[in-house]
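Report on the structure
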Amino acid sequence: MIAGLTPRKVVESSRVDACVVGIGRLGLAFALTLERSGLSVIGCDVNQDYIQSLNDKTYETSEPHVTESLKTCKNFYATTDIKAAARRADVVFILVATPTDGADQYYDHTTLSHVLFTLGKSIPKSTPIIINSTVYPGYIRNVATTLVANPISYNPAFVAQGDVMEGYKTGGWFGMVLIGEANPLIGHTLERIYRKISPDAKICRMTPESAEICKLASNCFRTMKIAFANAIGDIADATPGACKTEITEALKQDKSIGSICMTPGYAYGGPCYPRDNKAMAQYARQIGAHAGLFAATDESNEAHTDRMANELMQIHKKKYIFSDVAYKPKCAVPMIDHSAKLAIAARLARAGRRVVIKDRVPLVHEVMKKFGSLFEYILL
């Protein structure tokens, strides 16, 4: 049982340690991480062909280490029958998409709420439910607890697409495991699971409400550091004799600042940073707190992209070539969400400049889907 973290082999009719609802790019990596730690795991999703490819172990992905982990796993099974799978599990994790919709709760919780409602009618009320998807502060208290009577905890991960498995190995890229526990017993169970995954991870246990805010706060602090480093870089670039690299390398040695997110470069992007910063600002305004810090971070981030684009506008070339255009440098997966480099490329192209995107085939295909004929393309 999960209480003793004793491995149990997955067969279609047996009890299992954990059920993971939502086994997309993040959820599958999480389910396989749990399996590698010694737990028996059932994963649930809606696409039957996808589920079959997981069970046949023929599924392949560009996300590093996932394909290899799937092929070697022994106690992982996938199904589309969420109700039956959840009834067999000692604990249920939910990792479905909560995309941005900009409404009152900023994230679209529709799928998450549907899953919770389904589980509420399907599993014993004593089964712990752990939400791993990003939610808006107050969601668990105000919405989730009205949909199910089960104890609900919040356990968001700090992992990055393109390095998900590596991130999960350490409990998260920044060494912190965030547990918003419904009660101390569930918190203790989750802590022991993460100790098996990463013995050195820092476990931070708190209420679900605190964890909802803490998750956003962690990302917001890094967006602030990125915007700050770029702002200092812009000031140095405009100051004769100053060198932004010298300045930021020195700042990294300051123990109160640290080295993470302190290298000047492109503005922050990706699926999490921009939206979490805006979500925190919106939540602050809704509860009557001051949102100026988060708004200023966004303003500074956008201003940095404007400055880089304007500088390139002053350089007249026959053509501008952009490579490595994913949302972060050397990203292993073809994701272009809020890519600052692409935003600059698009600004140049719309101003009549000849712009070429030269990149890996999957990335070029993603750019073509969004921008079409705006650019010329070279496949690597």
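Now for a look at the structure at hand. (Residues numbered from 1 in each chain as written. Predicted model: local features only at pLDDT ≥ 70, side-chain atom pairs only at ≥ 80, totals over all residues. Heavy atoms only, no water.)

Let's talk about the overall build of the protein chain
Within the protein chain one finds 14 helices and 11 strands. Whereas a compact globule of 380 residues would reach a radius of gyration of roughly 21 Å, the protein chain reaches 22 Å, a difference of no more than 12%. Here the C-alpha coordinates of the protein chain stretch approximately 70 × 45 × 40 Å along the principal axes. Looking at the protein chain as a whole, 51% of its 380 residues qualify as buried. Within the protein chain, counting contacts between residues at least 6 apart in sequence, those at least 24 apart form 69% of the total. Carbon and sulfur atoms make up 56% of the accessible area of the protein chain, which amounts to about 17400 Å² in all. Here the protein chain contributes 44 positive and 37 negative side-chain charges, whose respective centroids are spaced 2 Å apart. (Helix = DSSP H or I, 4+ residues; strand = E, 2+ residues; numbered from the N terminus. Rg over C-alpha atoms; globule rule 2.2 N^0.38 Å. Buried < 20%, exposed > 50% of the residue type's maximum accessible area, 1.4 Å probe, protein only. Contact = heavy atoms within 4.5 Å. Areas by Shrake-Rupley, 256 points an atom, 1.4 Å probe, with all protein chains shown as cover. Lys, Arg positive; Asp, Glu negative; His and termini not counted. Charge placed at Lys NZ, Arg CZ, Asp CG, Glu CD.)

Some points on the pairing of strand S10 (residues 355–359)
Among the five residues that make up S10, four are buried, leaving the element largely enclosed by the rest of the structure. Here strand S9 (residues 320–322) pairs with S10 via three bridges, running parallel. Each residue of the ladder has a partner; that of Phe322, found in S10, is Ile357. As for the winding sense of the linkage, the β-α-β connection from S9 through helix H13 (residues 340–350) to S10 is right-handed. (Pairing = 2+ DSSP bridges. Right-handed = clockwise from strand over helix to strand, strands pointing away.)

Structural notes on the pattern of salt bridges
A complete count under the given rule lists 19 salt bridges for this structure. A salt bridge links Arg275 to Asp276; the shortest N-O distance between them is 3.8 Å. Given a relative accessible area of 0%, Asp276 falls into the buried group. Notably, a salt bridge pairs Asp298 with Lys278, separated by 3.6 Å at the nearest N-O pair. Note that Asp298 is positioned in helix H12 (residues 292–313) and Lys278 in helix H11 (residues 273–286), a separation of 20 residues in sequence. (Salt bridge = Lys/Arg side-chain N within 4 Å of Asp/Glu carboxyl O.)

Considering the nonpolar core
Counting 36 residues, the largest nonpolar core has Ile23, Leu34, Phe76 and Phe93 as its most contacted members. Here this core takes six residues from helix H1 (residues 25–36), the largest share from any one element. The residues contacting Leu34, other than those within four sequence positions of it, are Ala18, Val20, Leu39, Val41, Phe93, Ile193 and Ile197. Membership of the second largest hydrophobic core comes to 29 residues, among which are Cys19, Ala89, Leu112 and Val135. (Core = buried A, V, L, I, M, F, W, Y, C linked by side-chain atoms within 4.5 Å.)

Section: the environment of Asp49
With respect to the secondary-structure elements, Asp49 resides in helix H2 (residues 48–56). Taking C-alpha positions, Asp49 is 9.9 Å from Tyr59, a pair spaced 10 residues apart along the chain.

What to know about the packing of aromatic side chains
Enumeration according to the criterion identifies eight aromatic pairs in this entry. Aromatic side chains Phe30 and Phe93 sit 5.1 Å apart centroid to centroid with 75° between the ring planes, which places their arrangement in the edge-to-face category. Taken as a pair, Phe30 in helix H1 and Phe93 in strand S4 (residues 89–94) lie far apart in primary sequence, 63 residues in all. Taken individually, Phe30 and Phe93 each receive the classification buried, so the pair is uniform in this respect. (Phe/Tyr/Trp six-rings, centres within 6.5 Å; stacked < 30°, edge-to-face > 60°.)

Remarks on the pairing of strand S11 (residues 376–379)
Taken together, the four bridges between S10 and S11 define a ladder with parallel strand orientation. If you follow Lys358 over to S11, its bridge partner there is Ile378. One crossover worth recording links S10 to the parallel S11 by way of helix H14 (residues 361–371), and it is right-handed.

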